[in-house]
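A structural walkthrough
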Amino acid sequence: MARVLIVGAGMTGSLCAALLRRQTSAPLYLAVWDKAEDSGGRMTTACSPHNPQCTADLGAQYITCTPHYAKKHQRFYDELLAYGVLRPLSSPIEGMVMKEGDCNFVAPQGISSIIKHYLKESGAEVYFRHRVTQINLRNDKWEVSKQTGSPEQFDLIVLTMPVPQILQLQGDITNLISECQRQQLEAVSYSSRYALGLFYEAGTKIDVPWAGQYITSNPCIRFVSIDNKKRNIESSEIGPSLVIHTTVPFGVTYLEHSIEDVQELIFQQLENILPGLPQPIATKCQKWRHSQVTNAAANCPGQMTLHHKPFLACGGDGFTQSNFDGCITSALCVLEALKNYI
């Protein structure tokens, strides 16, 4: 039985796992490892420590589908809509730029429910707090070391984490990346920003006419969302949640500052945008060091194969673009490259 490891439980990794399970008739041991404490990657949904039903999307806010991808990736949209994982966005988002023919979708159970759907479909063994540190070749297999625990062996590996994290891996992998590939990988760049989730008690009122708003006049804050309102799941039993995304210049300037200091700065600016907000009962500040791809890997559409036998490839939005369809494109390209090795 082939042992397959997918590193990264975000959009590309979870869809790779589901597609691999669907398209492979041979028996397969499939593992997904992620260094975080939950699945989602940059499509993560945080929960209030006081009520797990009070949630906030700290990464992607909604999914925009263009006419091109509505056709090209129709089966993926149809599946998620049929399962109720996605729903059309019906709440008002002020300042949103809409192009003709675009459709926007939200995930009522939080944006990470898309990832959870694909991981469930894949039947993969999913492990959190598994940070890969080394990849070595041992007798035509991959030996993968993580920060804690014993190394494990696999026949095939797909790396879907942000490209700078791939370049940090130690072991034989450093010699397997060709000079040309290394240059392509080192040229991949990302924007950085912070997201702040605020959780409120049930019955708290946040009286604004919108569910989300793009801010153009603030040096710190770029987007604010009443997250439960955005997802159309307002309830008297569950308190509202608010999400703030910072601007990229703010994110870059304060990238190495403490989370506490950054949170305080965001709160100060939020008072200018939404004066007199009630006190939240919990907060969650998330640093996105690798937020969105500003420069994808050149000349490698969707994936980069680093080794053929045994198979090792990288995928993710670093090889396409930072959105839902970019991740689907990458997962399909990885599967295409991988299918001859299963």
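Residues numbered from 1 in each chain as written. Predicted model: local features only at pLDDT ≥ 70, side-chain atom pairs only at ≥ 80, totals over all residues. Heavy atoms only, no water.

Okay, the nonpolar core next. Of all hydrophobic cores here, the largest spans 41 residues; its most connected members are Met11, Ile63, Ile114 and Phe324. Per-element tally for this core: the top contributor is helix H11 (residues 324–338), with eight residues. A domain split of this core shows at least three residues from each of domain 1 (1–37 + 128–188 + 300–341) and domain 2 (46–110 + 190–295). Here Met11 is in contact with Gly40, Met43, Ile114, Ile115, Tyr118, Phe324, Cys327 and Ile328, once residues within four sequence places are set aside. By size, the runner-up hydrophobic cluster in this structure holds 29 residues, among which are Ile157, Val163, Val293 and Cys314. (Core = buried A, V, L, I, M, F, W, Y, C linked by side-chain atoms within 4.5 Å. Buried < 20%, exposed > 50% of the residue type's maximum accessible area, 1.4 Å probe, protein only. Helix = DSSP H or I, 4+ residues; strand = E, 2+ residues; numbered from the N terminus. Domains from an automatic or database assignment. Contact = heavy atoms within 4.5 Å.)

This brings us to helix H4 (residues 112–122). Of all 11 residues that make up H4, eight are buried, and the element is covered over most of its length. All of the buried residues along H4 are Ser112, Ser113, Ile114, Ile115, His117, Tyr118, Leu119 and Ser122. Once H4 ends, the next one or two residues include Gly123, with phi positive near 65 degrees.

The UniProt record annotates "signal peptide" (unreviewed entry) at residues 1–17. Secondary structure across residues 1–17 comprises 41% helix and 35% strand; the distance between its end C-alpha atoms is 16 Å. (UniProt positions renumbered as here; feature names shortened; annotations may be inferred.)

A few words now on the UniProt feature "domain: Amine oxidase" (unreviewed entry) in the protein. Per the UniProt record, "domain: Amine oxidase" (unreviewed entry) is annotated on residues 99–297. Across residues 99–297 one finds 27% helix and 31% strand; the C-alpha atoms that close the span lie 27 Å apart.

Here we take up the packing of helix H3 (residues 74–82) against H4. It is the contact of H3 with H4, at a shortest axis distance of 12 Å, that shows an interaxial angle of 100 degrees. Viewed along their axes, H3 and H4 adopt a mutual orientation that is roughly perpendicular. Facing Phe76, Glu79 and Leu80 of H3, the residues of H4 in contact are Ile114, His117, Tyr118 and Glu121. Grouping the amino acids of the contact of H3 with H4 by side-chain chemistry returns four nonpolar, one polar and two charged. (Axes fitted to C-alpha atoms, helices over the stretch in contact; angles between N-to-C directions. Parallel < 35°, antiparallel > 145°, perpendicular 65-115°, else oblique. Nonpolar A, V, L, I, M, F, W, Y, C, P; charged D, E, K, R; others polar.)

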